[in-house]
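# Examining the three-dimensional arrangement
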Amino acid sequence: MTVTEKIDTELLNAPVSRKTFDEVLVPTYAPSNVLPVRGSGLDVWDQEGKHYLDFTAGIAVTALGHAHPVLVEALTRQANTLWHVSNGFTNEPVLRLARALTAATFADRAFFCNSGAEANEAAFKLARKYAHAKFGAGRSRIVSCISSFHGRTLFTVSVGGQAKYTEGFEPLPPQIDHIPYNDVEAARAAIGDDVCAVVVEPIQGEGGVIPATREYLQALRQLCDQTGALLIFDEVQSGMGRSGELFAYMGYGVTPDILTAAKALGNGFPIGAMLTTEELAKTLAVGSHGTTYGGNPLAATVALNVVNIISQPAFLARVKAAGVQLVAMLQGLVRDYPQLFAEVRGVGLLQGLVVTKQFSGRSKDVTRAIEAQGLLLLIAGGDVLRLAPALIVSDAQIVEAGRLMRLGIDAFLAASSGK
Ligand SMILES: *Cc1c(COP(=O)(O)O)cnc(C)c1O
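Cut-offs used in this document
- Residues numbered from 1 in each chain as written.
- Predicted model: local features only at pLDDT ≥ 70, side-chain atom pairs only at ≥ 80, totals over all residues.
- Heavy atoms only, no water.
- Near = heavy atom within 4 Å.
- Polar contact = N/O pair within 3.5 Å; in protein donor to acceptor, adjacent residues only side chain to side chain.
- Areas by Shrake-Rupley, 256 points an atom, 1.4 Å probe, with all protein chains shown as cover.
- Helix = DSSP H or I, 4+ residues; strand = E, 2+ residues; numbered from the N terminus.
- Buried < 20%, exposed > 50% of the residue type's maximum accessible area, 1.4 Å probe, protein only.
- Contact = heavy atoms within 4.5 Å.
- Patch = residues over 30% accessible without salt bridge, like charges linked within 9 Å, V, L, I, M, F, W, Y side chains within 5 Å.
- Salt bridge = Lys/Arg side-chain N within 4 Å of Asp/Glu carboxyl O.
- Expected span 1.5 Å × (residues − 1).
- 1 Å grid on protein atoms, 1.4 Å probe; cavity = no way out; pocket = protein on both sides within 12 Å on 5 of 7 lines; lining within 4 Å.
- Points joined across faces, edges and corners; volume = space filled by probe spheres on them.
- Nonpolar A, V, L, I, M, F, W, Y, C, P; charged D, E, K, R; others polar.
- Core = buried A, V, L, I, M, F, W, Y, C linked by side-chain atoms within 4.5 Å.
- Domains from an automatic or database assignment.
- Pairing = 2+ DSSP bridges.
- Axes fitted to C-alpha atoms, helices over the stretch in contact; angles between N-to-C directions.
- Parallel < 35°, antiparallel > 145°, perpendicular 65-115°, else oblique.
- Left-handed = near helix turned anticlockwise from the far one by under 90°.

Around the ligand, the neighbouring residues are Ser115, Gly116, Ala117, Asn120, Phe149, His150, Gly151, Glu201, Asp234, Val236, Gln237 and Lys263. Interatomic distance of 2.7 Å between a side-chain N/O atom of Asp234 and a nitrogen atom of the ligand. Taking Gln237, its side chain carries an N or O atom lying 2.8 Å from an oxygen atom of the ligand. Isolated, the ligand exposes 390 Å² of accessible area, and the fraction of that covered by the protein chains is 82%.

We now examine the side chain of Ser416. Structurally, Ser416 is set in helix H15 (residues 395-417). Using a relative accessible area of 17% as the deciding quantity, one classes Ser416 as buried. Of note is the side chain of Ser416, whose polar atom sits 2.9 Å from the backbone oxygen of Phe412. Once residues lying within four places of it in the same chain are set aside, the contact partners of Ser416 are Phe359 and Arg362.

Below, the discussion takes up a nonpolar patch on the surface. The grouping of Ile7, Leu11 and Leu12 at the surface amounts to a nonpolar patch, some 330 Å² of accessible area in total. With respect to the helices and strands, Ile7 occurs in the segment before helix H1 (9-13).

We now examine the pattern of salt bridges. Enumeration over the complete set of coordinates arrives at 18 salt bridges. Notably, a salt bridge pairs Glu245 with Lys320, separated by 3.1 Å at the nearest N-O pair. Of this pair, Glu245 sits in the loop between strand E10 (230-234) and helix H10 (248-252) while Lys320 sits in helix H13 (residues 313-336), and the two are 75 residues apart along the sequence. Overall, the relative accessible area of 42% leaves Lys320 in the partly exposed class. Across the salt bridge formed by Arg318 and Asp395, the nearest N and O atoms sit 3.1 Å from each other. Residue Arg318 is found in helix H13, and its partner Asp395 is found in helix H15; the two are separated by 77 residues along the sequence. With relative accessibility at 30%, the residue Arg318 sits in the partly exposed group. Put simply, Arg141, Asp177 and Asp194 are held in one network by salt bridges that share partners.

So, about helix H6 (residues 116-135). The end-to-end C-alpha separation of H6 is 28 Å, in line with the 28 Å expected for 20 residues at 1.5 Å each. Those residues of H6 that fall on the buried side of the exposure criterion are Gly116, Ala117, Ala119, Asn120, Ala122, Ala123, Phe124, Leu126, Ala127, Arg128, Tyr130 and Ala131. Of the residues flanking the end of H6, it is Gly136, one or two places downstream, whose phi is positive at about 85 degrees.

Its boundaries defined by the atoms lining it, the second largest pocket holds a volume of some 800 Å³. As for the second largest pocket, its lining consists of 31 residues, of which Asn87, Ala110, Phe111, Phe112 and His289 are closest to the centre. Those elements giving two or more residues to the lining of the second largest pocket turn out to be helix H5 (92-104), strand E4 (109-113) and strand E12 (272-276). For the lining of the second largest pocket, the leading source of residues is H5, giving five residues. Broken down by class, the residue content of the lining of the second largest pocket amounts to 14 nonpolar, 14 polar and three charged.

Turning our attention to helix H12 (residues 297-310). The end-to-end C-alpha distance of H12, which contains 14 residues, comes to 20 Å, matching closely the 20 Å that a straight helix rising 1.5 Å per residue would cover. Inspection of H12 places Pro297, Leu298, Ala299, Ala300, Thr301, Val302, Ala303, Asn305, Val306, Val307, Ile309 and Ile310 among the buried residues, and these make up the whole buried set. Close packing links the buried residues of H12 with helix H4 (69-79), H5 and H13. The N-cap of H12, judged by a side-chain oxygen 2.9 Å from the amide nitrogen of Leu298 a few residues on, is Asn296.

Looking now at the nonpolar core. Counting residues in each nonpolar core, the largest one holds 97 residues, and the members touching the most others are Phe55, Tyr216, Ile310, Phe341, Met405 and Ile409. Looking at which element gives the most residues to this core, the answer is H13, with nine residues. Each of domain 1 (3-61 + 313-417) and domain 2 (70-310) accounts for three or more of the residues forming this core. Once residues lying within four places of it in the same chain are set aside, the contact partners of Phe341 are Leu333, Val334, Leu353, Val354, Val355, Thr356, Leu385 and Ile409. Counting 22 residues, the second largest nonpolar core, distinct from the first, contains Cys113, Ala119, Ala123 and Ile142.

Taken in spatial order, the four strands line up as E13-E14-E17-E16 in an open sheet, and their pairing is antiparallel. Of all strands in the sheet, those bounded by a partner on one side alone are strand E13 (341-347) and strand E16 (378-379). Those strands touched by helix H14 (residues 363-371) are E16 and strand E17 (384-387), and its axis lies near 45 degrees from that of E17.

At a minimum axis distance of 10 Å, the contact between H13 and H15 shows a crossing angle of 20 degrees. Comparing the axis directions of H13 and H15 gives the class roughly parallel. Both H13 and H15 take part in a crossing whose hand is right-handed. Residues Arg318, Ala322, Gln325, Leu326, Met329, Leu330, Gly332, Leu333 and Asp336 of H13 lie in contact with H15, whose contacting residues are Asp395, Ile398, Ala401, Gly402, Met405, Arg406 and Ile409. Residue classes in the contact of H13 with H15 are distributed as nine nonpolar, three polar and four charged.

With respect to the helices, strands and loops of the structure, Arg221 is situated in helix H9 (residues 214-227). At 2.9 Å, the side chain of Arg221 forms a polar contact with the side chain of Asp225. Engagement of the side chain of Arg221 in a polar contact is seen with the backbone oxygen of Thr255, the distance being 2.8 Å. For Arg221, the contacting residues outside a window of four places in its chain are Leu231, Val254, Thr255, Pro256 and Asp257.

Position of Val366 among the secondary structure elements: in helix H14. Taking the relative accessible area as the measure of exposure, Val366 reaches 0% and is therefore buried. Considered as a pair, Val366 and Phe55 are 311 residues apart in the sequence and their alpha carbons are 14 Å apart. Once you skip the residues sitting within four places of it in the chain, Val366 turns out to touch Leu340, Leu385, Ile409 and Phe412.

See the structure below:
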């Protein structure tokens, strides 16, 4: 038992450090010792004033970099105007945002929430309800992929294909099956007349940065058309310009019935979206679903500006060009460190660098060594280093990232061989 402290000025102003996390946060994460306090573009500074080049963008979130001037200006203006109204009213920013997203995509309708998990939750609820209304009971199976990630609510971890995230949280929602990713035969066998939805990430992010093949997404589309199941693309990570298209489905030429977005949509300001067609949207009639904060004026203003910038053809063309540069840099590492790296895979500015069998499970150790040199990187499981720089990354920053990676890798290998 602890003595209750008063929230006085002294407490509010007392310094905080990484150690404070271990004292007062629920230990769901094990954050780095680097404690960022300020960012600008791809530059980040920690509490000690040390500079880092950020090739994480959160986790593919701050796609326009930290403190983007257009977003700062728009958010500040909106903060001085109107923060919130209940869903008993609508607001101008959310109307503009929905109009922009539906104009730019296959969708006719948008539903806004606060995260990727909530966007997927809305998509899965819509699919179940649509099947009930259209076909009656007995059509509630959801088919998802092994190693997929769809969020952390009970429904979304259950649909996600990673057992470690559901263990201990049983009982789970029933009627959810997992099939191997990119396996057309497994999809044929699993998708029958009792399936209400098939959900897939066009590029598996958390699962190891694995792009779907075009044949796979085409086969899923065909199977859904044959059976009446809805095809849901989770583009929470692959969307918003990351692949070099506004959404990855556009590059594949395969259109879903429902698309979910979040992460980069708000560039760090919480917002998620579920996009769908006119017909399917009718499923979620007045009173059937909702959220207090979804599509509030602050989030919608930021997202509107993000969509406007990222959807420009010249911006997306530059993402593709930067992606080519990034892949070339990473292939240089595979060539020069064949004992450590096996291959590069990904799309656009979402790239994975796969470690060899010899170093299986060591991706975190490699990124920590690179972090010590001043470059922030992500992992995607124990065997993959994940690079997801802001989409505004310059060629010079890619060159610099390569230099810092080599320094960190040399230090890592020197330490490993000493063991
Ligand atoms: C991050 C992520 C989610 C979950 O988004 P949250 O905002 O953390 O709820 C869902 N799907 C994919 C593909 C993701 O990468």
